[in-house]
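Now for the letters of each chain:
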Amino acid sequence: MPNPHPLIVHFPIALFILAVACELTAYFYKSKLLSVCALVASIGAVLGAIAAVVTGLFAKGIVPKGSQAQIVVGSHETMGFIMLACAVAFTALKLWCYFREDDRVLTPLIAVGLVGVVVTIITAHEGGQLVFDYGVGVQKAPPVNPLKAYPYGSESVKKKFEAVDSTKTGNSPDSSATE
Ligand code: HEM
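Residues numbered from 1 in each chain as written. Predicted model: local features only at pLDDT ≥ 70, side-chain atom pairs only at ≥ 80, totals over all residues.

It is worth spelling out the overall build of the protein chain at this point. A tally of helices and strands in the protein chain yields seven helices and zero strands. Counting helices and strands in the order they occur from the N terminus, the protein chain gives α-α-α-α-α-α-α. Looking at the protein chain as a whole, 27% of its 179 residues are labelled buried. Expressed as a percentage of contacts within the protein chain between residues at least 6 apart in sequence, the contacts between residues at least 24 apart total 68%. (Helix = DSSP H or I, 4+ residues; strand = E, 2+ residues; numbered from the N terminus. Buried ≥ 20, exposed ≤ 12 C-beta atoms within 10 Å, placed from the backbone. Contact = placed C-beta atoms within 7 Å.)

Written out as structure tokens, the structure reads:
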């Protein structure tokens, strides 16, 4: 089964940052609409973060044992759980604040939101490091045949690539490749 973690992670990242941005703007402009947007986005962020943690725990298995990537994945996992905790705390405080109309929780709500955004960025950065620096879950690209990569273009361009191909391989160019 393909690993759905890279597909899912964008939702909690985007929705949590959106929720905190809406909440901050709603606070300064006293906007009821943005306050509702913050609530809806934060619920989506919690659901997305739960899905990201579950799929991440499965994806952990593809990290080669004893590799340096194991250290990064350990930290990424911890930050992922803290991100989920921040999203849950933010949503719980937001629900309380919204339905009880109790503004005393506004300061902790914004504080948890800002800490959560920093944790989200660190989590996402470490996830990116796993893929782009350590090549976790990445397949090696197949060798490129320039004749197949550039089947169109002028005759002079085709001749140029045929010449490159024959000097590299020592073979005469495959005429069928240009079809
Ligand atoms: C807490 C448990 C988690 C574990 C064990 C985990 C594990 C992993 C692993 C093994 C990878 C590299 C392979 C792959 O792309 O699937 C990865 C990538 C990534 N993870 Fe997580 N993860 C967790 C939670 C999260 C959370 C909560 C987020 C988002 C807030 C997140 C964001 C990312 C991102 C952005 C990538 C890079 C994906 C890409 O660019 O293809 N992870 N994670």
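Bringing the environment of Thr120 into the picture now. When you line up the elements, Thr120 lands in helix α5 (residues 106-132). We classify Thr120 as buried; it has 25 C-beta atoms within 10 Å. Note: C-alpha distance between Thr120 and Ala87 (33 residues apart in sequence) is 9.5 Å. In contact with Thr120, not counting residues within four places along its chain, are Ile13, Phe16, Ile17 and Met83.

Taken together, the neighbourhood of the ligand is formed by 29 residues, with His5, Pro6, Gly56, Gly80 and Gly127 sitting nearest. Residue assignment for the shell around the ligand shows that the elements contributing at least two residues are α1 (5-8), α2 (10-29), α3 (32-59), α4 (69-100) and α5. Among the elements that take part in the shell around the ligand, α5 stands out by supplying seven residues, more than any other. Considered class by class, the residues forming the shell around the ligand number 17 nonpolar, ten polar and two charged. (Near = placed C-beta within 6 Å. Nonpolar A, V, L, I, M, F, W, Y, C, P; charged D, E, K, R; others polar.)

Here we come to the packing of α4 against α5. Axis separation between α4 and α5 bottoms out at 8 Å; the angle between their running directions is 155°. As far as their axial angle goes, α5 and α4 are roughly antiparallel. Here α4 runs over α5; the crossing is left-handed. In terms of residue class, the contact of α4 with α5 is built from 20 nonpolar, nine polar and two charged. (Axes fitted to C-alpha atoms, helices over the stretch in contact; angles between N-to-C directions. Parallel < 35°, antiparallel > 145°, perpendicular 65-115°, else oblique. Left-handed = near helix turned anticlockwise from the far one by under 90°.)

The subject of this paragraph is the packing of α2 against α5. Their axes nearest at 10 Å, the elements α2 and α5 cross at an angle of 150°. If you check the angle between α2 and α5, you find them roughly antiparallel. Considering how the two elements wind past one another, α2 and α5 form a crossing that is left-handed. Taking contact as the criterion, the partners of Ile13, Phe16, Ile17, Val20, Glu23, Leu24 and Tyr27 in α2 are, on α5, Leu106, Leu109, Ile110, Gly113, Leu114, Gly116, Val117, Thr120 and Ala124. When its residues are assigned to classes, the contact of α2 with α5 shows twelve nonpolar, three polar and one charged.

Positionally, Ser67 belongs in the loop between α3 and α4. The sequence separation of Ser67 and Tyr134 amounts to 67 residues, and the corresponding C-alpha distance is 9.1 Å.

A general feature of soluble globular proteins is that nonpolar side chains tend to end up buried together. Judged by nonpolar contacts, the single largest core of 26 residues is most densely connected at Phe16, Ala19, Ala45, Ala49, Met83, Ala87 and Phe90. For this core, the secondary structure elements donating two or more residues are α2, α3, α4 and α5. Considering every element that reaches this core, the biggest residue donor is α4, with eight residues. Not counting residues within four places of it along the chain, the set of residues in contact with Ala49 comprises Pro12, Met83, Leu84 and Ala87. In this structure, Val63, Ala69, Val73 and Leu130 belong to the second largest nonpolar core, which totals five residues. (Core = buried A, V, L, I, M, F, W, Y, C linked by C-beta atoms within 7 Å.)

Its 27 residues place the ends of α5 38 Å apart at the C-alpha level, agreeing with the 39 Å of an ideal helix rising 1.5 Å per residue. Burial in α5 covers these residues: Leu109, Val112, Gly113, Gly116, Val119, Thr120, Thr123, Ala124, Gly127 and Leu130. If you follow the buried residues of α5, they end up packed against α2 and α4. (Expected span 1.5 Å × (residues − 1).)

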